[in-house]
Amino acid sequence: MVKQRSKIFLFSTLLLVLTLLAACGGSQEPSDTAQNTTTPTTTPAKSQPASSTTATSDTQQPDGNFAFVRQNQLWVHMQGDMSGQLTKFDYTARPNAFWHHPLWSSDARYLAFIMNALPEGLGGGGCPGPDYGANGALYVYDTQGKTMTQVSPVTPIPHAATSGQPQSDVWQYMFWEDATHLLGWYNGAKDGKNAGLYRYDLTAQTVKKVFTLDDLDANTLYNGQTDDNKPLILSLRYSNGMLYYQTVKHPGKDDSTLSIYSRSVTKPDLDSKKVLDLGTEPWCTSNQQGQIVLPGWDVSPDGNHLAAQLVNAQAVMGVQEQNLQNGSTVQLFQQAPEQLFGHDVLLSWSPDSQTVVATEPAIIAKLGPYTTSLANTSAVQTYTPYMRGTASWHADGSAFDLQDSSTGNGTALTGTTNTPPTIYEYGKGKTNGQALLTDAHEIGWGS
């Protein structure tokens, strides 16, 4: 009888232990809503196992629709729907990963992103210095259909893999034209073949060229200058049916002239128009007299305002706002330190087209971020802590985000420490930024 009771007791104890172990193990399993996917990050390092956290903590996760990069994988959070890792790229052969900010469609159904991965041993130097993260493969994720598409200049590639070795391509810019049409700038081959602006129709699943690089009578930094001395396109923006592009004429000479042009996307046969001359300086000359290489600028979402950094070889010129409807101008950031504009800056309009944020592209003078508004252009708001890089605005314009790592425009993290980056949120009317997400960067907000 005693032996029988002992057996019953041992069996009951073993059953309890197994039950507890199963409960503990079950909590480690990925949820179905995570879609068992991962997303790439901007750290040029060996591939690491994905983190199991998606924010500073499970209870403090931000509200809204957003996507960000963590440990070289892309993570997506949708309010009331899905949250988790979207990609599982393998960086064993190409450990240097580069990411652009993910870009949501206006209805937050689609998420577009550009990323690239390169092998070790990347060089530097030159003017302008190499931007290895400028070009990459273009992907579009359907949050409803849970499908990934890779966009090519010929035809979209459905059911693109979100694991294995990431693909390579030469897309540099992406802009949502409307909820179902994505515009993408393609740099093409070294000779400029296939370079131009393309439109991806998500409903029809077609890709069509809007206009070519030759139509703009220019070259890019990635196609090289030719004997015909065409101007170089330095950067592009899109707003309200118009593509804007910044150029430098006579690069490498003392009389290099920088300008901004526009061209209609809805009427692509119309010629480009000059919008603004930014100034003249010795751009990337051998004696490096010019202080500014990639002057900052941005066009407001409503298409009515241009904010641009002016250049001059002898003086610091600052930032000018130009009304694109009537041509009137006003100086911005007059109360900001002059040292901020003695080098390249980054400018970004808020979603309501009323506020501009100015930041450094990398650690230079350790100034910023700053904002000013059209309602009071003489006032400048200074924020702490100091952060640099491209600002990412919340969809409602209530705040913008920066990260404590230098990524520039679609480039890998350049910090020398192994400390994971943190995303900080800077709210309107507040002077201090707050940590929003740890071990994260390249955040993009949807509506």
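In this text the structure is predicted, and so the values were computed from the model without any measurement. Counting restarts for each chain: residues are numbered from 1 in the order of the written sequence. With the structure being a predicted model, the display of local features is reserved for residues of pLDDT at least 70 and the display and counting of side-chain atom pairs for 80 or more, all residues being used for whole-chain, interface and lining totals. With hydrogens and water stripped out, all remaining heavy atoms of the structure feed into the side-chain values.

### Overview of the confidence of the model for the protein chain
Interpretation of the predicted coordinates at a detailed level should be avoided for regions scoring low in pLDDT. Filter applied, for reference: Looking at any residue, its pLDDT shows the predictor's confidence there, from 0 to 100. Residues are treated as being in contact if the distance between any of their heavy atoms lies within 4.5 Å.
In the predicted model, the protein chain carries a mean pLDDT of 85, and 81% of its residues have values of at least 70. Confidence drops under pLDDT 50 across residues 407-417; counting only partners more than four residues distant or on other chains, this segment forms 33 contacts.

### Thoughts on the pattern of salt bridges
Note on pairing: side chains with opposite charge can pair once their charged atoms come close. As a reminder of what qualifies: We count a salt bridge whenever a side-chain nitrogen from Lys or Arg sits within 4 Å of a carboxyl oxygen from Asp or Glu. Labels follow the DSSP assignment, with helices taken as runs of H or I lasting at least four residues and strands as runs of E lasting at least two, numbered in each case from the N terminus. Buried residues are those whose accessible area, probed at 1.4 Å on protein chains only, stays under 20% of the maximum for their type, while exposed residues exceed 50% and partly exposed ones sit between those limits.
Under the definition given, this model contains 7 salt bridges. In this structure, the salt-bridge partner of Asp142 is Arg109, at a minimum N-O distance of 3.0 Å. Of the two residues, Asp142 sits in strand β8 (residues 137-142) while Arg109 sits in the loop between β6 (103-104) and β7 (110-118), which places them 33 residues apart along the sequence. When its relative accessible area of 10% is taken as the criterion, Asp142 is described as buried. Accessibility expressed as a relative area gives 26% for Arg109, which makes it partly exposed. Connected through shared salt-bridge partners, Asp214, Asp217 and Lys230 make up one network.

### Details of the packing of aromatic side chains
As a reminder, the rule being used: Centres within 6.5 Å make a pair out of two Phe, Tyr or Trp rings, where for Trp the six-membered ring is used; the pair is then stacked when the planes are under 30 degrees apart, edge-to-face when over 60, and tilted otherwise.
Tallied over the full model, the rule gives 18 aromatic pairs. Centre to centre, the rings of Trp99 and Phe113 are 5.6 Å apart; their planes meet at 25°, and the pair counts as stacked. Highlighted residues: Trp99 in strand β5 (residues 96-99) and Phe113 in strand β7, separated in sequence by 14 residues. The same class applies to Trp99 as to Phe113, namely buried.

### Things to note about the environment of Lys366
Relative to the helices and strands, Lys366 resides in the loop between β25 (355-359) and β26 (370-373). Beyond its immediate stretch of four places on either side in the chain, Lys366 contacts Glu360 and Tyr386.

### Quick word on the sheet that holds β25
Rules: At least two bridges found by DSSP between two strands is the condition for calling them paired. Axes here refer to lines fitted to C-alpha atoms; in helices the fit is confined to the stretch in contact. Angles between the N-to-C directions go from 0 to 180 degrees.
Spatial strand order, β24-β25-β26-β27: 4 strands in an open sheet with antiparallel pairing. Both outer strands of the open sheet, β24 (346-349) and β27 (376-382), are each paired with one neighbouring strand and no more. Here the average twist between neighbouring strands, direction ignored, is 25°.

### Some remarks on the sheet that holds strand β30 (residues 422-427)
Hydrogen bonds along the backbone pair up the strands of a sheet, which may run parallel or antiparallel. If you trace the 4 strands from one edge of the open sheet to the other, you get β28-β29-β30-β31, paired in antiparallel fashion. Of all the strands in the sheet, the pair left with one neighbour each is β28 (388-393) and β31 (434-438). The sheet shows a mean angle of 30° between the axes of neighbouring strands, direction not considered.

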